[in-house]
Amino acid sequence: MHLMIPHACALGEAGRHAAQTLALPRLAALLGRLAPDSSLGSDEYSPHTPLELALAAQWGWAADTPLPFAAAQAADDGIAVEAKAWALLTPLHLSVGSDQITAFNPQALKLDEAESRAFFESLAWLFPADEGWTMAWGAPTRWYVAHESLADLPSASLERVINRNVDPWMPEARRLRSLQNELQMLLHRHALNEAREARGALLLNSVWISGCGRARPRAPQPDLHVDTRLREPLINEDWAAWAEAWAQLDAEPLRELLQRAEAGQPVELTLCGERFARHYRPQARSGLSQLWHKLAAPKGDVLAALEDL
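Calculation notes
Residues numbered from 1 in each chain as written. Predicted model: local features only at pLDDT ≥ 70, side-chain atom pairs only at ≥ 80, totals over all residues. Heavy atoms only, no water. Phe/Tyr/Trp six-rings, centres within 6.5 Å; stacked < 30°, edge-to-face > 60°. Helix = DSSP H or I, 4+ residues; strand = E, 2+ residues; numbered from the N terminus. Buried < 20%, exposed > 50% of the residue type's maximum accessible area, 1.4 Å probe, protein only. Lys NZ or Arg CZ within 6 Å of the ring centre and 35° of its normal. Pairing = 2+ DSSP bridges. Axes fitted to C-alpha atoms, helices over the stretch in contact; angles between N-to-C directions. Contact = heavy atoms within 4.5 Å.

### Observations regarding the packing of aromatic side chains
Argument step 1. Per the counting criterion, the structure on display carries 7 aromatic pairs.
Argument step 2. Ring centres 6.4 Å apart and planes at 15 degrees place the aromatic pair Y45 and W169 in the stacked group. Placement of Y45 in the loop between β2 (34-41) and α3 (50-59) and of W169 in the loop between β7 (142-146) and α6 (174-187) is noted, with a sequence separation of 124 residues between them.
Argument step 3. Using a relative accessible area of 29% as the deciding quantity, one classes Y45 as partly exposed.
Argument step 4. For the ring pair W239 and W242, a centre distance of 5.8 Å and an interplane angle of 90 degrees mean the geometry is edge-to-face. You can see W239 and its partner W242 sitting in helix α9 (residues 239-251), 3 residues apart, about one turn around the helix.
Argument step 5. The structure contains a cluster of three or more aromatic residues connected by ring pairs, namely W59, W61 and F69.
Argument step 6. Above the ring of Y45, the side-chain terminus of R160 is found at 4.6 Å from the ring centroid.
Argument step 7. The ring centre of F276 lies 4.7 Å from the NZ or CZ of R278, which sits over that ring.

Shown next as structure tokens:
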């Protein structure tokens, strides 16, 4: 069993304070039994999140080129990706403030399938099939396009911009900047947006482009479980809900992982933060050392491990 936990920590004073309130005895016991054997990421934010880097490593992807997460997600949505180069288009609202532009959580749009499809289909003239474009709708907040010009273009993960300033993550590739500008101009005063404005709904005024690249095969990972329950509360900075989600993780999947470890079964744990993903495996310990960790389960070790992500 390999448990991967994204959004395990948050940078910033509020996030650190929330982490200090956590009581995670099973995680503490596991960290006493396991040892970190690899780390991905750096202090300088990568356009790809540590979770994405960790998944790419599990799937056998070389990380020396942009990682094609759009194609992988499209395939998971049941789309025939073939050998095309795909991009994920995420509809969202950009809020223009006095000193920065902030990307709202796409879920704040509350798009249902019918409205999402109507918006997506209205963009079709930007992606003509006779010029080699393919369009595919995956979900209300997951739209896809494919074209040769999208192969290996660097793009920042959506996770880097939600509820944050988008300026540091705006695409460097001219092709993506041009496409994003065209999309924003088309959405401005769009009839569907006028209808949203009339009923007081948030405007869909932009699209974030990410995950560009050609589909790659993924090595099967039948024992891997990615538990995403920390994502929404962390993104929304709901620290009480984030702490409660951590308590649930400790009581359920981390309890199972600990029980397997205590039974001598092979287990792995990957904790993913905003800078690093750390992978843990069992380590050989003396009987006395194992007993001490089981009894002590020091909270400080957990806090240090989380803050180091």
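Continuing now.
### Overview of the environment of P233
Argument step 1. Turning to its location among the elements, P233 is positioned in helix α8 (residues 231-235).
Argument step 2. A residue is classified by how much of its surface remains accessible, and P233, at 11% relative accessible area, is buried.
Argument step 3. For the pair formed by P233 and H7, sequence separation is 226 residues and the distance between their alpha carbons is 9.4 Å.

### Structural notes on the sheet that holds strand β11 (residues 276-282)
Paired through their backbone hydrogen bonds, the strands of a sheet run either parallel or antiparallel.
Argument step 1. A sheet is described by the order of its strands in space; here 5 strands give the open sequence β2-β11-β10-β1-β9, paired in mixed fashion. The sheet is open, and its two edges are formed by β2 and β9 (224-226), each paired on a single side. The mean angle between the axes of side-by-side strands here comes to 20 degrees, regardless of whether they run parallel or antiparallel.
Argument step 2. Of the strands in this sheet, β1 (2-5), β2, β9, β10 (268-272) and β11 are in contact with α3, which crosses β1 at around 155 degrees.

### Re the sheet that holds β7
Argument step 1. Pairing in this open sheet of 4 strands is antiparallel, and the strands run β6-β7-β3-β8 from one edge to the other. Two strands in the sheet have a free side with no partner beyond their single neighbour: β6 (134-139) and β8 (206-214). When the angles between neighbouring strand axes are averaged without regard to direction, this sheet yields 25 degrees.
Argument step 2. The sheet contact formed by strand β3 (residues 85-92) and β8 spans 7 bridges and is antiparallel. Looking across to β8, one finds that L88 is bridged to S210.
Argument step 3. Strand contacts of helix α4 (residues 69-76): β3, β7 and β8, with the helix running at about 95 degrees to β8, the strand carrying the most contacts.

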